[in-house]
Amino acid sequence: QMMQAHLSKVPQYDSKISMPMQNLLNGMLCKIPNRRISLEAIEIFLKTDTLTKNYAIEPLNEPLTVLDDEHTYRFYAKQNITIALFRYAIELENKDEYEKSKAIYKRLATQNYSRAMNNLGYIYNAGLGEKQDYKKAVYWYTKASKLNNSMAIYNLALMYEHAKGVESNKPYAQKLYALAAKKGYKKAIDHLQSKS
C-alpha cells in the first residue's frame, strides 16, 4: 500500500517551501528512476540554488483490480519500478519459482541494488532450485556488503565463521558482525550480545 501510494500520488508541498526547492524535490522523487535528477544537478543546486530543468512528478497508473500483493508488484514491475521488481521476485521465491526470482535479482544486481545481491547470496547459500554453491553465495554477499547492506554483512560473517565457501576466519567474522551491528542489524546485535 505504501509503495502504491508513493507511485500513484503526487506530493503536496508546504507553501513555505520555495519553488526551486520544490523543483529539486520533484527531481529527486520522480517515479521513473531514469528521469530523476542527477547527482551533478543536485551539486549545482547546492552551490547556486538553481536548476536548469523543471521536474514534474508524473504519477503512475494504479492497477484497475488489486487481487493481492503479488498482482500489485507484478503490475509495477512491468513498469521497471525497482522496489516492485524486488518485491515481485520475493513473491516468486516464496512460490518456489527460483529461476524467475533469480533472474530478477540478477537484473537488479546489475543496477547495484544490494538487497537483490543479498537475496542472490541466500539462494545460492540455501541451494534453492539448484545445488548449494557457497562460493557464489560469498560472492554475492561480498558485493552487497561493499554497498553497506547490513544483512549481507551479517550473512558474510556467518560464511566466514562457519567456513562456507571461504576459509574459516573467526576474527574477520567478528569484525563483520560488529560492522553489521553498528549499522543496526538486529541479528548481529543479538549475536554479539550472546558472545559477551
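A. Local environment of the nonpolar core. Within the largest apolar cluster, 40 residues are counted, with the highest numbers of intra-cluster contacts made by Phe 86, Ile 104, Tyr 105 and Leu 108. Counting only elements with at least two residues in this core, the list comes to helix H4 (69-77), helix H5 (82-94), helix H6 (98-109), helix H7 (114-126), helix H8 (134-146), helix H9 (150-161) and helix H10 (170-182). Look past the residues within four positions of Ile 104 in its chain and what remains in contact with it is Leu 85, Tyr 88, Ala 89 and Leu 92.

B. Structural view of the pattern of salt bridges. Enumeration over the complete set of coordinates arrives at six salt bridges. A salt bridge links Glu 99 to Lys 102; its shortest N-O distance comes to 3.5 Å. Taken together, the positions of Glu 99 and Lys 102, both in helix H6 and three residues apart, correspond to about one turn of that helix. Assessed through its relative accessible area of 8%, Lys 102 is described here as buried. Between Glu 130 and Lys 102 there is a salt bridge; the shortest N-O distance is 2.3 Å. On the criterion of sequence distance, the pair formed by Glu 130 in the loop between H7 and H8 and Lys 102 in helix H6 is long-range, its members being 28 residues apart. Here the salt bridges do not stand alone but share partners, grouping Lys 95, Glu 97 and Lys 100 into one network.

C. Representation of unusual backbone geometry in the model. At Asp 96, a position not held by glycine, the phi torsion is positive, near 65°. Tracing the chain through its elements places Asp 96 in the loop between H5 and H6. Given the relative accessible area of 52%, Asp 96 is considered exposed. Even without a glycine there, the phi angle at Ala 163 is positive, about 55°.

D. Region of the structure containing H7. In a regular helix each residue adds 1.5 Å, so 13 residues correspond to 18 Å; H7 covers 18 Å between its end C-alpha atoms and thus fits that length. Counting buried positions along H7 yields 10 of 13 residues, so the element is predominantly enclosed. Regarding H7, the residues found buried are Ser 114, Ala 116, Met 117, Asn 118, Asn 119, Leu 120, Gly 121, Ile 123, Tyr 124 and Asn 125. Just downstream of H7 lies Gly 127, where phi reads positive at about 70°.

E. Structural context of the side chain of Asn 125. Along the chain, Asn 125 falls in helix H7. For Asn 125, the side chain forms a polar contact with the side chain of Tyr 141, separated by 3.4 Å. If we ignore the near neighbours within four places in the chain, the residues touching Asn 125 are Gln 132, Tyr 134, Ala 137, Tyr 141, Met 159 and Lys 164.

F. Geometry of the packing of aromatic side chains. Across all of its chains, the model carries six aromatic pairs by this definition. Between Phe 86 and Tyr 105, the ring centres sit 6.0 Å apart and the planes meet at 50°, which makes this aromatic pair tilted. On the criterion of sequence distance, the pair formed by Phe 86 in helix H5 and Tyr 105 in helix H6 is long-range, its members being 19 residues apart. Assigned by exposure class, Phe 86 and Tyr 105 land together as buried. Taken together, the aromatic side chains of Phe 86, Tyr 105 and Tyr 113 make up a single cluster linked through ring pairs.

G. The arrangement of the packing of H8 against H9 in detail. Between H8 and H9, the least distance of the axes is 8 Å, while the angle of their chain directions is 145°. In the crossing of H8 with H9, the sense of the turn from one axis to the other is left-handed. Between H8 and H9, the residues in contact are Tyr 134, Ala 137, Val 138, Tyr 141, Thr 142, Ala 144 and Ser 145 and Ala 152, Ile 153, Asn 155, Leu 156 and Met 159, respectively. The class makeup of the residues in the contact of H8 with H9 is nine nonpolar, three polar and no charged.

H. Structural view of the side chain of Asn 149. The topology assignment puts Asn 149 in the loop between H8 and H9. Looking at Asn 149, the relative accessible area reads 10%, which means it is buried. Looking at Asn 149, its side chain comes within polar contact range of the main-chain nitrogen of Ala 152, at 2.9 Å. Apart from residues no more than four positions distant in its own chain, Asn 149 is found in contact with Ser 114, Arg 115, Asn 118 and Ala 144.

The rules behind these values
- Residues numbered from 1 in each chain as written.
- Predicted model: local features only at pLDDT ≥ 70, side-chain atom pairs only at ≥ 80, totals over all residues.
- Heavy atoms only, no water.
- Core = buried A, V, L, I, M, F, W, Y, C linked by side-chain atoms within 4.5 Å.
- Buried < 20%, exposed > 50% of the residue type's maximum accessible area, 1.4 Å probe, protein only.
- Helix = DSSP H or I, 4+ residues; strand = E, 2+ residues; numbered from the N terminus.
- Contact = heavy atoms within 4.5 Å.
- Salt bridge = Lys/Arg side-chain N within 4 Å of Asp/Glu carboxyl O.
- Expected span 1.5 Å × (residues − 1).
- Polar contact = N/O pair within 3.5 Å; in protein donor to acceptor, adjacent residues only side chain to side chain.
- Phe/Tyr/Trp six-rings, centres within 6.5 Å; stacked < 30°, edge-to-face > 60°.
- Axes fitted to C-alpha atoms, helices over the stretch in contact; angles between N-to-C directions.
- Left-handed = near helix turned anticlockwise from the far one by under 90°.
- Nonpolar A, V, L, I, M, F, W, Y, C, P; charged D, E, K, R; others polar.

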